[in-house]
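# Chain and residue survey
Next come the chains, spelled out residue by residue.
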Amino acid sequence: MPLPSQTKSLATNLLAYGASEVASKASRLLVVVAVARTLDLTQIGIAAAAMAAGDILKALTENGVGQRIIAARDTELDATCATAHRIFWIWCIGLFLAQACLAAGLYFTGASPLLAGLLFLMGAEYLFMPAGLVQVALAMRAGKLKQTAAIAGAQFVGANLLAIVLIMLWPSAIALVLPRVLSAPIWLIAVRRLHPWKSQGTTRASLRPFITYGVAVLGIEVVKVMRLQADKLVIGVTLGAETLGLYFMAFNAGLSLSNAFTQALSTVLFPLLAQSNDMKTSLRQSLALGIAMIAPLVVLQALLAPYYVPILLGNGWDDIEIYVQILCLLAIPTTLWTTAASHLRITDRAHQELLVTATLAACVILNALLLGPLGLFALTTGYVVISTIVMLLAGVITLRPVFEPSNQLVTE
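The rules behind these values
- Residues numbered from 1 in each chain as written.
- Predicted model: local features only at pLDDT ≥ 70, side-chain atom pairs only at ≥ 80, totals over all residues.
- Heavy atoms only, no water.
- Salt bridge = Lys/Arg side-chain N within 4 Å of Asp/Glu carboxyl O.
- Helix = DSSP H or I, 4+ residues; strand = E, 2+ residues; numbered from the N terminus.
- Buried < 20%, exposed > 50% of the residue type's maximum accessible area, 1.4 Å probe, protein only.
- Expected span 1.5 Å × (residues − 1).
- Bend = angle between axes of the 7 residues up to and from the residue.
- pLDDT = per-residue confidence, 0-100.
- Contact = heavy atoms within 4.5 Å.
- Axes fitted to C-alpha atoms, helices over the stretch in contact; angles between N-to-C directions.
- Phe/Tyr/Trp six-rings, centres within 6.5 Å; stacked < 30°, edge-to-face > 60°.
- Core = buried A, V, L, I, M, F, W, Y, C linked by side-chain atoms within 4.5 Å.
- Parallel < 35°, antiparallel > 145°, perpendicular 65-115°, else oblique.
- Left-handed = near helix turned anticlockwise from the far one by under 90°.
- Nonpolar A, V, L, I, M, F, W, Y, C, P; charged D, E, K, R; others polar.

### What about the pattern of salt bridges?
Pairing is possible between side chains that carry opposite charge, provided their charged atoms lie close to one another. Inspection of the entire model under this criterion finds three salt bridges. Close ionic contact of Asp 74 with Arg 141 constitutes a salt bridge, the shortest N to O distance being 2.5 Å. Within this pair, whereas Asp 74 is found in the loop between α3 (65–71) and α4 (77–108), its partner Arg 141 is found in helix α6 (residues 133–141), the two being separated by 67 residues in sequence. Residue class for Asp 74 comes out exposed when judged on its relative accessible area of 66%. We note a salt bridge from Arg 345 to Glu 353, for which the minimum N-O separation is 3.0 Å. Grouping residues by exposure puts Arg 345 and Glu 353 together as buried.

Structure representation (structure tokens):
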């Protein structure tokens, strides 16, 4: 694929996924608005704890199997899909059972029955996933990223709008979780229609490539979600549900929109780099385009926070404006690290990404333990500062060869 065409493809797909993410995050902000006006901080804290624990387990679905389909040779594609399909079913059923056991364990050890019930309910989402995951990977391999972006956006927006309706009719923590399960069939029907697939034979690919690649990717995703969620669990245990509820609201108002494009960049980069004939140029263009598109939006959001936070959340939430502004800025170093991490993964160096992600997670948890008792300002500032330092250092070290003309990057 010619590089100018690659650049156009990246921009188009990034805009598509960016629009999907923005729509999802914007609708999520509407949920935050409804929550701020209907639920007390204790209910919000319980829902946040359940969603954090559920998201940690859901990270286990990101096991690299879909990426094996995207990167597979044409001659190996059907066998790869057949093996992947079986892995998806076994894996997702196992995750459902694991989450059900976790919910039961919490219930019988005296935890909040509501928390246990929310965790069990969220696990039902896994039962819809395996029937459509091969189709999603094949669609992305075929360049249908705009369509997969639209489907993902429709699912999240639909779930968030349904959450708003449920919160207004039935103000409870359950209303925040139930739409995640109810929207899963929408996603499944849509992806199966987008790229129909049926195995063409009984031949299956070897499990070894899935295992060797998947272990590192799985570790990355688990540690990544720990970085994003573990501090909330620490705050909930050490400072209580009310403080966690306030922290949760600040994060949703601050990171939701600012992270939309960095998440989109992560999604579209792997297929692009997998097809690239000039890794160095593709990475340069991707990084430049990502920074050029994301940085102005992040700065604008930070500047507007004092105006939109009171409008969105209403009275009583004025104090979180500064936290929202600080959190917005984290999207800029995240863009650099997202590009570097995609390069590591496409060049079979996922173990290096895992090391950096684990370092980030450890720093975030330590930050919550040390600075949480000092207040939300210290906690939020520490979170952004330490995350920025780690991501900038790791990103610069990883991408340094991109800006050294004498070095040649591996393209396999």
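### Observations regarding helix α12 (residues 260–274)
Here α12 contains 15 residues, and its C-alpha end-to-end distance of 23 Å stays within 8% of the 21 Å for a straight helix at 1.5 Å per residue. Val 268 marks the point of greatest bend in α12, at about 30°, and the proline Pro 271 comes within the next four residues. Counting buried positions over the 15 residues of α12 gives eleven, a clear majority of the element. Of the residues making up α12, those classed as buried are Ala 260, Phe 261, Thr 262, Ala 264, Leu 265, Val 268, Leu 269, Phe 270, Pro 271, Leu 272 and Leu 273.

### Some thoughts on α6
Across the nine residues that make up α6, a large majority, nine, are buried. Along α6, the residues that are buried comprise Leu 133, Val 134, Gln 135, Val 136, Ala 137, Leu 138, Ala 139, Met 140 and Arg 141.

### Section: the confidence of the model for the protein
Low pLDDT means the predicted atomic positions in that stretch should not be read closely. Summing up the model confidence of the protein, the mean pLDDT is 80 and the portion of residues at 70 or higher is 89%. Low pLDDT, under 50, characterises residues 407–412; the stretch is placed with 14 contacts to residues that sit more than four places away or in other chains.

### Focus: the packing of helix α15 (residues 331–346) against helix α16 (residues 350–371)
Axis separation between α15 and α16 bottoms out at 7 Å; the angle between their running directions is 145°. Residues Trp 337, Ala 341, Leu 344 and Arg 345 of α15 form the contact with α16, whose participating residues are Ala 350, Gln 352, Glu 353, Val 356 and Thr 357.

### Remarks on the packing of aromatic side chains
Centre-to-centre distance and the angle between the planes together describe a pair of aromatic rings. Counted according to the given criterion, the structure contains two aromatic pairs. With centroids separated by 6.1 Å and ring planes inclined at 55°, the aromatic side chains of Phe 96 and Phe 120 adopt a geometry described as tilted. Residue Phe 96 is found in helix α4, and its partner Phe 120 is found in helix α5 (residues 113–123); the two are separated by 24 residues along the sequence. Residue Phe 96 is classed as buried on the basis of its relative accessible area of 18%. Taking relative accessible area as the criterion, Phe 120 reaches 45% and is therefore assigned partly exposed. With 5.2 Å between their ring centres and 80° between their planes, Tyr 107 and Phe 108 make a pair best called edge-to-face. For Phe 108, a relative accessible area of 69% corresponds to the exposed category.

### A word on the nonpolar core
In this structure, Val 35, Ile 69, Leu 176, Trp 337 and Tyr 383 are the most contacted members of the largest nonpolar core, which totals 111 residues. Per-element tally for this core: the top contributor is helix α13 (residues 279–313), with ten residues. Sequence-distant contacts of Trp 337, defined by excluding residues within four places in its chain, comprise Leu 344, Glu 353, Val 356, Thr 357, Met 391, Ala 394, Gly 395 and Thr 398.

### Quick look at the packing of helix α7 (residues 145–169) against helix α9 (residues 184–194)
One can describe the packing of α7 onto α9 by two numbers: an axis separation of 9 Å at closest approach and a directional angle of 165°. Between α7 and α9, the angle falls in the class roughly antiparallel. Regarding α7 and α9, the two cross each other, and that crossing is right-handed. Contacts between α7 and α9 involve Gln 147, Thr 148, Ile 151 and Gln 155 on the former and, on the latter, Ala 184, Trp 187, Ala 190, Val 191 and Leu 194. The class makeup of the residues in the contact of α7 with α9 is six nonpolar, three polar and no charged.

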